[in-house]
Amino acid sequence: MTDAADSKPVVNEQSFVTLHYRIRLADSQQVVVSTFEDKPATLQMGAGQLAEGLERCLMGMQAGQRDTFILPASNGYGDTNPDLYRPVSKALLNSYAEEGTTFEPGDFVHFPAPDGGQFAGTVVEDREDSILFDFNHPLAGKRLSFEVQLIGVL
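Residues numbered from 1 in each chain as written. Predicted model: local features only at pLDDT ≥ 70, side-chain atom pairs only at ≥ 80, totals over all residues. Heavy atoms only, no water.

1. Concerning the overall build of the protein chain
Which entries qualify depends on this criterion: The helix and strand labels rest on DSSP assignments: H or I over at least four residues marks a helix, E over at least two residues marks a strand, and numbering proceeds from the N terminus. Based on C-alpha atoms, the radius of gyration is set beside the globule rule, defined as 2.2 Å times the residue count to the power 0.38. Residues are treated as being in contact if the distance between any of their heavy atoms lies within 4.5 Å.
Within the protein chain one finds two helices and nine strands. Going from the N terminus to the C terminus, the protein chain shows its helices and strands as β-β-β-α-β-β-α-β-β-β-β. By the compact-globule yardstick of 15 Å for 154 residues, the protein chain is too spread out, its C-alpha radius of gyration being 20 Å. Principal axes of the C-alpha set define a box for the protein chain whose edges measure 75 × 35 × 30 Å. When contacts within the protein chain are restricted to residue pairs at least 6 apart in sequence, long-range pairs at least 24 apart make up 64% of them.

Written out as structure tokens, the structure reads:
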């Protein structure tokens, strides 16, 4: 006789999943994002909606399962890349910013990309003619706690 749990579909690279999830900073337990208080998320695996390391945690899970994973930075949003710390001239910033805009350490700033999209960085330091930005993902270099309640797998 087949166990009913064995007949449930499991998450694979092509799955669509419906789930609740919560991402916390593992060291402080500060919640970064949570769907538990709202509607569940529906995501397509491999579409870049979650970091690759977070998706790997879901592989092989079945609907109804709940688990919490602790991920080192390298398995979450990656280690901090020092090459992504870049100065941006104040003249360039002022050409895009509204008059009177200030840039303080910790500010998260969106920039227009040449292709019409956007990219973003965090202000690190105000210098004489430029501002140093960190263009790493805000969760790069951070250990994460990833709590998942898998609702459905298609």
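Having seen the model, we can carry on.
2. So, unusual backbone geometry
To be explicit about the condition: Accessibility here uses a 1.4 Å probe with only protein chains present; expressed as a share of the type maximum, an area under 20% marks a residue as buried, one over 50% as exposed, and anything in between as partly exposed.
The phi dihedral of Gln29 is positive, around 65°, even though this residue is not glycine. Along the chain, the position of Gln29 falls in the loop between strand 1 (16-25) and strand 2 (31-34). Gln29 gets classed as partly exposed once you look at its relative accessible area, which sits at 38%.

3. Considering the sheet that holds strand 6 (residues 108-112)
Definition in use: When DSSP finds at least two bridges between two strands, those strands are taken to pair. Interaxial angles span 0 to 180 degrees and are taken between N-to-C directions of axes, which are lines fitted to C-alpha atoms, for helices over the stretch in contact.
Pairing in this open sheet of four strands is antiparallel, and the strands run 5-8-7-6 from one edge to the other. Looking at the sheet topology across the chains shown, the edges are occupied by strand 5 (85-89) and strand 6. Shown here is a sheet whose adjacent strand axes are inclined to one another by a mean of 45°, direction ignored. For strand 6 and strand 7 (residues 118-126), the ladder comprises five bridges, and the chain directions are antiparallel. Bridge assignment links Val109 to a residue of strand 7, and that residue is Gly121.

4. Structural notes on the pattern of salt bridges
Threshold: We define a salt bridge as a contact between a side-chain nitrogen of Lys or Arg and a carboxyl oxygen of Asp or Glu at a distance within 4 Å.
Scanning all chains against the criterion turns up seven salt bridges. Arg143 serves as the salt-bridge partner of Asp27, at 3.0 Å between the closest nitrogen and oxygen. Of this pair, Asp27 sits in the loop between strand 1 and strand 2 while Arg143 sits in the loop between strand 8 (130-134) and strand 9 (144-153); the two residues are 116 residues apart in sequence, bridging distant segments of the chain. Accessibility expressed as a relative area gives 63% for Asp27, which makes it exposed. Residue Glu52 pairs with Arg56 through a salt bridge whose shortest N-O separation is 3.1 Å. Of this pair, Glu52 and Arg56 both sit in helix 1 (residues 52-58), separated by four residues, roughly a single helical turn. Judged by its relative accessible area of 59%, Glu52 falls in the exposed class. Each of the salt bridges in this network shares a partner with another, and the network as a whole consists of Arg22, Glu37, Arg66 and Glu147.

The analysis is restricted to geometry; functional conclusions fall outside its scope.
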